[in-house]
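Structural characterization, general
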Amino acid sequence: MASCNSNNHSSSPSSSRLNRSPKYFSTIFPSATSAFTTYASISASLMLFRSIVNDLIPYPLRRHIWSALTYLFSFCSDKQTIVIEQSDGIEPNHVFNASEVYLGTKISPDTKRLKVSKRLKDKGLSLRLAKGQRVTDSFNGVELNWRYVCYEVEKRGSRSDSNVVEKRYFELRFKKKYGDMVLNSYLPFVLKSAELIESEARVLKIHTLGNSHYACKFKWESIKLEHPSTFETLALDSELKNMIVEDLNRFLRRKEFYRKVGRSWKRGYLLYGPPGTGKSSLVAAMANYLKFDIYDLQLENIKTDSELRKLLLDISNKSILVIEDIDCSVNLPDRPRASGHKRSGQDKQFTLSGLLNFIDGLWSSCGDERIIVLTTNHKDRLDPALLRPGRMDLHINMSYCTMQAFRVLASNYIGIEGDHRLFGDIKELLEATKVTPAQVAEELMKNEDADAALEGFVSFLKQKKMEDDELEKAEALKKLEKAEALKKLEIKEYKEPKLEHKSLKKDQTMPEMLE
Ligand SMILES: Nc1ncnc2c1ncn2[C@@H]1O[C@H](COP(=O)(O)OP(=O)(O)OP(=O)(O)O)[C@@H](O)[C@H]1O
Ligand SMILES: [Mg+2]
């Protein structure tokens, strides 16, 4: 090996630099060939050593030795490492999943290996760190170093290759003094950010009860929810719209509040109003706004309380359970009658109390962040048990189209943002007749030209008003006829007792006459 020979150094460094011969340099610095030979022999020895170690020391022992060495060195280091494993052995580790999602947004052009994936229904590509990759993040000016580690372990008691499982974890390294900050601020920030990223990228689904059922048991089946309804497109009076949005926001914000007051984190809405006033559209707008899945429950399919319980327990958090047309979807037996409805050897029949139990009884505590929406065209036909205070938190009246709601539809369907010369007539006619937003939408869709569409709509409203007036007249006439008929009946009834009286008098006079 070439070595520095301090004895050869002359007293004058500058003169020695000038006078050195090529032989001298070859002694001090090895030639490229000899350097390569040395490198090759060291690498060969290391590889030999490594393979001997690998052969002699089993992998789990090697890992333990490595961990022990790391542990020893950690005493001398000012760094701390947090290990975030994929699972705690039973359940997936939420922090691991969140870290994976969060770090997907921290990937820099320097990251050498990435995993890219996209499920069929995903909106975009999702990026993840590949095995062994590192990422550096910064939070409040503190540097945080992440590493993604994967290794294989044999399943317990198994020797074959196919029984090897991959274990994954993230290593998070930072200066020891920031330990508290990382645990109390940074990791919660990672969790929150991942939640936001996931909800942005979330594909909403609508779940309905599957037609094919095994052993008469229905199961949820889902498809992508692509309903375009949003609070912007919804034609509602702005006051009502703002109130609903604010109510939803308050509900989302108040997880702690619900816990504190001992209520399950749920909210119930009863939407009532004539067909075509936007009840289903409002449910879709809520789902799109909250990024919640919809579970559309058709009560006709449910036979027993226990079947309902199983289905409701299968509903995920962050979801909206919708029961449309609650008044006519099923003839719910009431409580006293239900208790008598037993099938021999089977569950009790599906009852209203079974449903109410999920709305606000003990079963309602299963699951978090749930919204229940009941819709009906006839609020007056609902069982009073459903309307009792506290059962459905908010009763929302979806009514006929007002001028404010019409403006939203005019903007959505024919692109009129401000005023229009026909808006005055339309306002008067809307106040004088009843049309649903669905009818308005249908009329506005008949013509692509805005003026023509509005003119068509005015004629429609006039026609509708005439029909309504005629209907009103006919009804008034009917009422009058009924009143007259009643009057005649009353007169008759009034006369008859007189006759009776007379006849009595006659009877009374009979003896007199006889006398
Ligand atoms: N308030 C509204 N805002 C915007 N569009 C509406 C509104 N109401 C109804 N529509 C339009 O009419 C169609 C039917 O409305 P929707 O199904 O929401 O009414 P509904 O109240 O649920 O009726 P039903 O009582 O028959 O179930 C929707 O697809 C939508 O295009
Ligand atoms: Mg509907």
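Residues numbered from 1 in each chain as written. Chains lettered and ligands numbered in written order. Predicted model: local features only at pLDDT ≥ 70, side-chain atom pairs only at ≥ 80, totals over all residues. Heavy atoms only, no water.

**What about the overall build of the protein chain?**
Helix and strand content of the protein chain: 18 helices and 13 strands. Put simply, the protein chain has 515 residues, and 32% of those count as buried. If you take every contact in the protein chain between residues at least 6 apart in sequence, the share linking residues at least 24 apart comes to 67%. Surface exposure of the protein chain reaches about 33,700 Å², of which carbon and sulfur atoms provide 54%. (Helix = DSSP H or I, 4+ residues; strand = E, 2+ residues; numbered from the N terminus. Buried < 20%, exposed > 50% of the residue type's maximum accessible area, 1.4 Å probe, protein only. Contact = heavy atoms within 4.5 Å. Areas by Shrake-Rupley, 256 points an atom, 1.4 Å probe, with all protein chains shown as cover.)

**Thoughts on the pairing of strand β5 (residues 142-154)**
Taken together, the six bridges between strand β4 (residues 134-139) and β5 define a ladder with antiparallel strand orientation. Paired with F139 across the bridge in β5 is V142. Hairpin geometry of β4 and β5 is characterised by an intervening segment of two residues between the two adjacent antiparallel strands and by a positive phi of about 50° at N140. Both β5 and strand β6 (residues 164-175) contribute to a ladder of ten bridges, which runs antiparallel. Pairing of E154 across the sheet is with V164, part of β6. (Pairing = 2+ DSSP bridges.)

**A closer look at the sheet that holds strand β8 (residues 220-224)**
Strand order in the open sheet formed by seven strands is β8-β7-β10-β11-β12-β9-β13, and the pairing between neighbours is mixed. Each edge of the sheet is formed by a strand with only one pairing partner; in this case those strands are β8 and β13 (394-397). Across the sheet, the mean angle separating the axes of adjacent strands is 25° when strand polarity is ignored. Sheet analysis places strand β9 (residues 266-272) next to β13, joined by four bridges and oriented parallel. Directly across from L271, in β13, lies its bridge partner I396. (Axes fitted to C-alpha atoms, helices over the stretch in contact; angles between N-to-C directions.)

**Brief notes about the packing of aromatic side chains**
Overall, the coordinates contain 18 aromatic pairs when judged by the stated rule. A ring pair is formed by W146 and Y186, whose centres lie 6.2 Å apart and whose planes are at 50°; its orientation type is tilted. Of this pair, W146 sits in strand β5 while Y186 sits in helix α6 (residues 179-201), and the two are 40 residues apart along the sequence. A relative accessible area of 0% means that Y186 is categorised as buried. Considering the side-chain rings of Y151 and Y169, the 5.9 Å spacing of their centres and the 65° angle between planes classify their relative orientation as edge-to-face. Here the residue Y151 occupies a position in strand β5, and Y169 occupies one in strand β6, the gap between them amounting to 18 residues. (Phe/Tyr/Trp six-rings, centres within 6.5 Å; stacked < 30°, edge-to-face > 60°.)

**Quick word on the sheet that holds strand β1 (residues 79-85)**
As summarised here, the arrangement of the four strands in space is β1-β6-β5-β4, forming an open sheet in which the pairing is antiparallel. Single-partner strands in this sheet number two, and they are β1 and β4. Taking each pair of neighbouring strands and ignoring which way they run, the sheet shows an average axis angle of 30°. Sheet strands in contact with helix α5 (residues 94-104) are β1, β4, β5 and β6, and its direction is about 70° off that of β6.

**What to know about unusual backbone geometry**
In the Ramachandran plot, N140 falls in the positive-phi region, its phi being about 50° despite a non-glycine side chain. Taking relative accessible area as the criterion, N140 reaches 63% and is therefore assigned exposed. Unusually for a residue other than glycine, K318 sits at a positive phi of about 50°. Within the secondary structure layout, K318 lies in the loop between α10 (305-313) and β11 (319-323).

**Structural notes on the packing of α10 against helix α13 (residues 352-360)**
Remark: α10 packs on α13, axes separated minimally by 9 Å, with the N-to-C direction vectors making an angle of 25°. Judged by the angle between their axes, α10 and α13 are roughly parallel. Here α10 runs over α13; the crossing is right-handed. Across the interface between the two elements, D305, L308, R309 and L312 from α10 touch G354, L355 and F358 from α13. Its residues placed into classes, the contact of α10 with α13 shows four nonpolar, one polar and two charged. (Parallel < 35°, antiparallel > 145°, perpendicular 65-115°, else oblique. Left-handed = near helix turned anticlockwise from the far one by under 90°. Nonpolar A, V, L, I, M, F, W, Y, C, P; charged D, E, K, R; others polar.)

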